[in-house]
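Understanding the architecture of this molecule
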Amino acid sequence: MLHRFANPTRFLRIASIAQPWIAWATILLAGTGLYLGLFNSPADYQQGESVRIMYVHVPAAWMAMFCYTSMAIAAGIGLIWKHPLADIAAKATAPVGACFTFLALFTGSLWGKPMWGTWWVWDARLTSMLVLLFLYLGYIALINAFDDPARGTKSSSILVLVGLINVPIIKFSVDWWNTLHQPASVLRMDGPSIDESMLWPLLLMALAFKTYYIWVLLVRIRAEIISNKIRILRLRQVHG
Amino acid sequence: MNGFMTVLKRDLHLAIRQGIDSMTVVMFFVLIVIIFPFGVGPEPNILARVASGVIWVAALLASTLSLERLFQIDYEDGSLELLSLSSVALEVIVLAKVTAHWLTTGLPLIITAPLLAVLLNMNKEGLLVLILALVVGTPSLSLVGAVGAALILGARRGGVLLALIILPLYLPVLIFGVSAVDAIINGFEAKAQLLILGAFFLAALPLCTWAAATSIKQAIE
Amino acid sequence: MNGFMTVLKRDLHLAIRQGIDSMTVVMFFVLIVIIFPFGVGPEPNILARVASGVIWVAALLASTLSLERLFQIDYEDGSLELLSLSSVALEVIVLAKVTAHWLTTGLPLIITAPLLAVLLNMNKEGLLVLILALVVGTPSLSLVGAVGAALILGARRGGVLLALIILPLYLPVLIFGVSAVDAIINGFEAKAQLLILGAFFLAALPLCTWAAATSIKQAIE
Amino acid sequence: MNIFSAENLFCVRGGRTVFTGLGFTLKAGEALVLVGPNGSGKSSLLRLMAGLLKPASGILRWGAEEISEDPEGHGGRLHYVGHHDAIKPVLSVSENVSFWASLMNGGSGNGETTLGALNTLGIGHLEKVPGRFLSAGQKRRVNLARILSTPAPLWLLDEPTTALDRESITSLETAIIHHRAGGGMVVISTHSDMQLANHQVIDLAGFAETCPMLEHSL
Amino acid sequence: MNIFSAENLFCVRGGRTVFTGLGFTLKAGEALVLVGPNGSGKSSLLRLMAGLLKPASGILRWGAEEISEDPEGHGGRLHYVGHHDAIKPVLSVSENVSFWASLMNGGSGNGETTLGALNTLGIGHLEKVPGRFLSAGQKRRVNLARILSTPAPLWLLDEPTTALDRESITSLETAIIHHRAGGGMVVISTHSDMQLANHQVIDLAGFAETCPMLEHSL
Ligand code: HEM
Ligand SMILES: Nc1ncnc2c1ncn2[C@@H]1O[C@H](COP(=O)(O)OP(=O)(O)OP(=O)(O)O)[C@@H](O)[C@H]1O
Ligand SMILES: Nc1ncnc2c1ncn2[C@@H]1O[C@H](COP(=O)(O)OP(=O)(O)OP(=O)(O)O)[C@@H](O)[C@H]1O
Ligand SMILES: [Mg+2]
Ligand SMILES: [Mg+2]
């Protein structure tokens, strides 16, 4: 199954068909989600209007972890089955994931000021999230630190796999240590414990973030394939 | 097993011949700890409060710096290729080199740490737990660091890059190492933290050996 | 002068080609600053108290690590021999390389520092003086570091040894840099400290250039 | 009897095809010389043979077994001499050589064979000299002494004569004759002319791709 | 007319005497070949000539002037090729070469001469390739292109043929003939036989100390 998509020409064809659809889906989902979240949902009885940060913060935080996990899976596939496309997908995911992580940290801080009275506290959830940002940045630094791109890809793939340990730590940090941050109320074993008027816009936004990720991923993979082609063409030119 | 001992002996041999190496790491460790009061001011109660943290951070940094050359020199002079071509599994060789590294740098740090702790006004119970925590924690540092050292082989900016990669991974050791000491100082038990450090080591042992060996294999392609 | 510009341009060129390099140093700097709260505990008032010290110590370490390869790579690939054989005085070449180093690592540090200071709860006046002190102080770090980088050429344990050599020499910069910020925060003037930092730089400029050039000549014998 | 063979080797480096469709068969006692202009892929082929590099496609075999299936076993039966001499500056010449010997033999570096190997290459008198004091040619000879000090059926030598004087080249040639007489195989890349009796030659220039653009390298 | 000469050179390395009482005189257009077994001091002598190493005693002169009096001036009039090729992996071949040219000329690396030098050594087509993609011989050729791209009266070449194929050696020989025809001098250490017309030879083996232990090395 995988091998069918591993062929870059076929991938490029499928990608160019899928891309506009995904773009429209993103815009639609984000539009409805934002409208519902910002104008059509109640302010929280405890948190007031600042609760609306949630509609960006929570999906961004989910995506930060999701992107890292996908990156690790792609890197693993690239390492074991030597799939060039998987390597490229991992590489293309990193900056997106880093941005989501940054967004989660940033909106979290914004939210923290009214809620906890400070931009930042050094607790387990926030810290492990910061570590995640550094894992992303370390990956990006490592993949670019080699003269030979193939070397960079392999080295950084191993790094992602080792760093994967951090993801469960982020997820369960609120359960294992008592932190300021509130525990999971959507993604938990016994079903969500959040009011439906807030749940819906949240889920829409989460979906929008996901389609946005796929959209950017397609664009970046195509760009990467093309720039590789250019590199090879240049090599061919100079080597005569 | 024979391969393990041969490589371990050779690495210890090299370290002893080069004489000042573990001294250098210890001195760097001491230096960082001593430099710190210059930064935060010399009040004893603040110092005592941050003592365990400073010592752990210094140990982290000393370990990072000393790890940079763990495989680098063998890589550059062609030994690593030959080692990987020997009939001994690369994982065993990695383990032997990590052991040698810990014996020549981790151990001296553990021996020095109590002195520094006293200098920073740490009390006796704290001291004991600090040593225990270092004994359980520093092997993990060497193991995790070995992965970093293997990953950066052939990269352009070694030292800083290595630090960037492994410091985030060191954080669990730092957090539990410090909190073990703080727990005891504040009159709680430190057993849980020490157990977690031990578990971390047991998890790191196979994972890091594998990851380091794999990265070395692809570095010498 | 021409020789200076040629070498400066080439080093900047190399740094830009390797793109992410100064980013790496900045990230290391940020990481060290961030790691400290883990060690010393997260209480905001303690953090604010040690903020300037932590930032300076991190700058020192980032500078140390990034300096390791200042001459190393040129030494290993034979470029340093050829540079020293060119008709341009070795002192000029050293100065060009140090300038390039400061532009690609010192400057980014100065730009990042304010952000970190805010994270550690430093106030606005302190922030301003911190930047000023870094502007006057970091060139000295690059200069002093260059001497260390030249001294360790060909030594076996680069990174740690370098740190050991130059960190003590960095102490004056650290002390006056920190005390400038502390003075302002506590409502005093910081002018004296900044002037001393400036004087240190002026003294380091000829002295370090000469010392680095001399050690390079020795190293390539 | 040992046979070392390959078929249809395809080597890509830095996204560029270096050679394609290369094969060879080497029987016990035979020698293979790789020639070709700079950059034609001699070093790359030797690294493929050692298992240090993986071919983009094609198979290398020892007897009937594929070497990619047991890389450690393959490493144990060959000696590789590359561009770097793997000499530790702080260890003496004999310590340098005997470490590799004992790693190969599983722990028993034999002092006598080490000295014998050094003498064969005319550096017996340097036995106690630390590696850092050696000239380029002396280092190369120490590296060659390493492969003489323990037997292995397959020698892979990448320009082994670099920096060697005439006399050492002759010693090396003699050593190769002995090795082959004992059923050993040897693959050598060289620009200068070494004297080998009845050897096969592969000219790498003949296997260069005219069109280096590759689909699968993306 | 330029004369490069030395008398009574005495070289100590690692506490050991390498050679003593060595002298030579080299006039414009002349060539000097250094031969001798491994470790006899060829590389050391070349480094002495370049001013990279200081003799324990003895004097090197350019014309009447001692080179130790103006090391920078001496550095400016020579090209040295050692064991390392000084090639930056991230710079393209032509950037690598033209940096050295512009350093030598005080800021004006001429694109045309660079390309000319590359073409002379048959690597004009690699002009835009980053250094990291080069094989051993290609690197060596880039290093040689460096010395062709700016004129200097004295060439000091330490085993310049290392890793070169036959064709490149011929190009180098031709380049040396041109250099000498223009009044240049060249000193070469080599084990393989390069073709040079009427050159002087110094056999380093003749200058070795018989008793290598020296009081002053204590
Ligand atoms: C920089 C600071 C912050 C960081 C790094 C951060 C990080 C995260 C992460 C990683 C998640 C996903 C958790 C999961 O899926 O289990 C999350 C969820 C959440 N965060 Fe934050 N957060 C921050 C600040 C805040 C603040 C100040 C609030 C509000 C008081 C807040 C409220 C929430 C809520 C309500 C969720 C959804 C939990 C759920 O339903 O699963 N966060 N945050
Ligand atoms: N860095 C060094 N430190 C100490 N001794 C050295 C050093 N380099 C070389 N020697 C010694 O000096 C002597 C001369 O070495 P040199 O490199 O000049 O020889 P060479 O003639 O160039 O040999 P080769 O043909 O092997 O290149 C040798 O005996 C060597 O052991
Ligand atoms: N590490 C590398 N990364 C990418 N490409 C490389 C690398 N090493 C070599 N190449 C390229 O692969 C090709 C073959 O190189 P190789 O070193 O095998 O040649 P060679 O025949 O040994 O040449 P030489 O005679 O110069 O040693 C060359 O074109 C070279 O540019
Ligand atoms: Mg080669
Ligand atoms: Mg020599």
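Only a predicted model underlies this, so the values are computations on that prediction, with no experimental measurement involved.

Before going further, it helps to spend a moment on the site of ligand 2. As a structural note, the neighbourhood of ligand 2 is formed by 20 residues, with D:F133, D:S135, D:G137, E:S43 and E:S44 the closest of them. More than one chain lines the surroundings of ligand 2; the residues nearby belong to chains D and E. At 3.2 Å from an oxygen atom of ligand 2 is found a side-chain nitrogen or oxygen belonging to D:Q138. Between an oxygen atom of ligand 2 and a main-chain N or O atom of E:S40, the distance comes to 3.3 Å. When residues of the shell around ligand 2 are traced back to their parent elements, those giving at least two are helix 5 (136–149) of chain D together with strand 2 (16–27) and helix 1 (42–50) of chain E.

We now examine the relation of the copies chain B and chain C. Superposing chain B onto chain C requires a rotation of 180 degrees together with a translation of 0.1 Å along the rotation axis, leaving an RMSD of 0.2 Å. The transformation relating the two chain copies, once decomposed into turn and shift, fits a two-fold axis. Proximity to the rotation axis, assessed at the C-alpha, singles out B:G159 in chain B; its C-alpha lies 3.7 Å from the axis. Looking at the interface residues of chain B, 100% of them are also at the interface in chain C, so both copies use one shared face.

This part is about helix 6 (residues 166–181) of chain D. All names here are of chain D. Compared with an ideal rise of 1.5 Å per residue, which puts 16 residues at 22 Å, helix 6 spans 23 Å between its outermost C-alpha atoms and is within 8% of the ideal. For helix 6, the complete set of buried residues consists of S168, I169, S171, L172, E173, A175, I176, H179 and R180. Count one or two residues on from helix 6 and you reach G183, which has phi positive near 90 degrees.

This brings us to the side chain of E:S149. Tracing the backbone shows E:S149 in helix 5 (residues 136–149). Apart from the residues lying within four places of it in its own chain, the contact partners of E:S149 are E:V97, E:A101, E:T113, E:T114 and E:A117.

With respect to the element layout, D:L45 can be found in helix 1 (residues 42–50). Along the primary structure D:L45 and D:L22 are separated by 23 residues, whereas in three dimensions their C-alpha atoms are 9.4 Å apart.

Let us now look at the packing of aromatic side chains. Per the counting criterion, the structure on display carries 13 aromatic pairs over all chains. For the ring pair A:F102 and A:F106, a centre distance of 6.0 Å and an interplane angle of 20 degrees mean the geometry is stacked. Residue A:F102 and its partner A:F106 are both found in helix 4 (residues 84–116); the two are separated by four residues, about one turn of the helix. The interplanar angle of 65 degrees and the centroid separation of 4.9 Å between the aromatic rings of D:F99 and D:W100 together place this pair among those described as edge-to-face. The ring centre of A:F66 lies 4.2 Å from the NZ or CZ of A:K210, which sits over that ring. The ring of E:F99 has C:R10 sitting right over it, with the charged end atom 4.5 Å from the ring centre.

On to the interface of chain B and chain C, then. Facing the 42 residues of chain B at the interface are 43 residues of chain C. Both sides together, the interface formed by chain B and chain C hides about 4,200 Å², and carbon and sulfur atoms give 72% of it. Along the contact surface separating chain B from chain C lie zero salt bridges. Class assignment for the residues of the side of chain B that touches chain C results in 27 nonpolar, seven polar and eight charged.

Residue and element names in this part refer to chain B. Structurally, Q72 can be placed in helix 4 (residues 72–76). Since its relative accessible area comes to 9%, Q72 is described here as buried. Once you skip the residues sitting within four places of it in the chain, Q72 turns out to touch I152 and L153.

Considering the arrangement of structural elements, one finds B:D74 in helix 4. Take B:D74: its relative accessible area is 3%, and that puts it in the buried class. Aside from chain neighbours lying at most four places away, what touches B:D74 is B:R10, B:S79, B:L80, B:L83, B:K97 and D:K88.

Close contacts around ligand 3 come from 19 residues, with D:S43, D:S44, E:F133, E:S135 and E:G137 the closest. Nearby residues around ligand 3 are contributed by chains D and E. D:G41 places a polar main-chain atom, nitrogen or oxygen, 2.8 Å from an oxygen atom of ligand 3. Contact between ligand 3 and D:S43: an oxygen atom at 2.6 Å from a side-chain N or O atom of the residue. Within the complex, 90% of the 630 Å² of free accessible area of ligand 3 lies under protein. Contributing elements (two or more residues each) for the shell around ligand 3: strand 2 (16–27) and helix 1 of chain D together with helix 5 of chain E. Here the residues of the shell around ligand 3 are counted per class, giving four nonpolar, eleven polar and four charged.

Residues and elements named next belong to chain D. On the basis of which strands lie adjacent, the open sheet formed by four strands has the order 2-1-4-5 and antiparallel pairing. Edge strands, defined here as strands with exactly one partner in the open sheet, are strand 2 and strand 5 (65–66). Bridge count for strand 4 (residues 57–62) against strand 5 is two bridges, and the pairing is antiparallel. Within the sheet, the bridge partner assigned to R61 lies in strand 5 and is E66. Across the face of the sheet, helix 1 comes into contact with strand 1 (3–13), strand 2 and strand 4 while running at roughly 125 degrees to strand 1.

For the rest of this paragraph, the subject is the pairing of strand 3 (residues 31–35) of chain E. Residues and elements named next belong to chain E. Most of strand 3 is tucked away: four of the five residues are buried. Pairing between strand 3 and strand 8 (residues 185–189): four bridges, direction parallel. Paired with L32 across the bridge in strand 8 is V187. With four bridges connecting them, strand 3 and strand 9 (residues 200–203) associate as parallel partners. Across the sheet, L32 pairs through a bridge with Q200, a residue of strand 9.

This brings us to the confidence of the model for chain D. Reading fine detail from the predicted coordinates is not recommended where pLDDT is low. Residue and element names in this part refer to chain D. When pLDDT is averaged along chain D, the result is 87; 92% of the residues meet or exceed 70. Scored below 50 in pLDDT, residues 211–218 makes 25 contacts in the model with residues more than four places away or belonging to other chains. Confidence estimates for the predicted assembly give a pTM of 0.86 and an ipTM of 0.84.

The rules behind the values
Residues numbered from 1 in each chain as written. Chains lettered and ligands numbered in written order. Predicted model: local features only at pLDDT ≥ 70, side-chain atom pairs only at ≥ 80, totals over all residues. Heavy atoms only, no water. Near = heavy atom within 4 Å. Polar contact = N/O pair within 3.5 Å; in protein donor to acceptor, adjacent residues only side chain to side chain. Helix = DSSP H or I, 4+ residues; strand = E, 2+ residues; numbered from the N terminus. Least-squares fit on C-alpha atoms with pLDDT ≥ 70 in both. Contact = heavy atoms within 4.5 Å. Expected span 1.5 Å × (residues − 1). Buried < 20%, exposed > 50% of the residue type's maximum accessible area, 1.4 Å probe, protein only. Phe/Tyr/Trp six-rings, centres within 6.5 Å; stacked < 30°, edge-to-face > 60°. Lys NZ or Arg CZ within 6 Å of the ring centre and 35° of its normal. Buried area = accessible area lost by both parts, 1.4 Å probe. Salt bridge = Lys/Arg side-chain N within 4 Å of Asp/Glu carboxyl O. Nonpolar A, V, L, I, M, F, W, Y, C, P; charged D, E, K, R; others polar. Areas by Shrake-Rupley, 256 points an atom, 1.4 Å probe, with all protein chains shown as cover. Pairing = 2+ DSSP bridges. Axes fitted to C-alpha atoms, helices over the stretch in contact; angles between N-to-C directions. pLDDT = per-residue confidence, 0-100.

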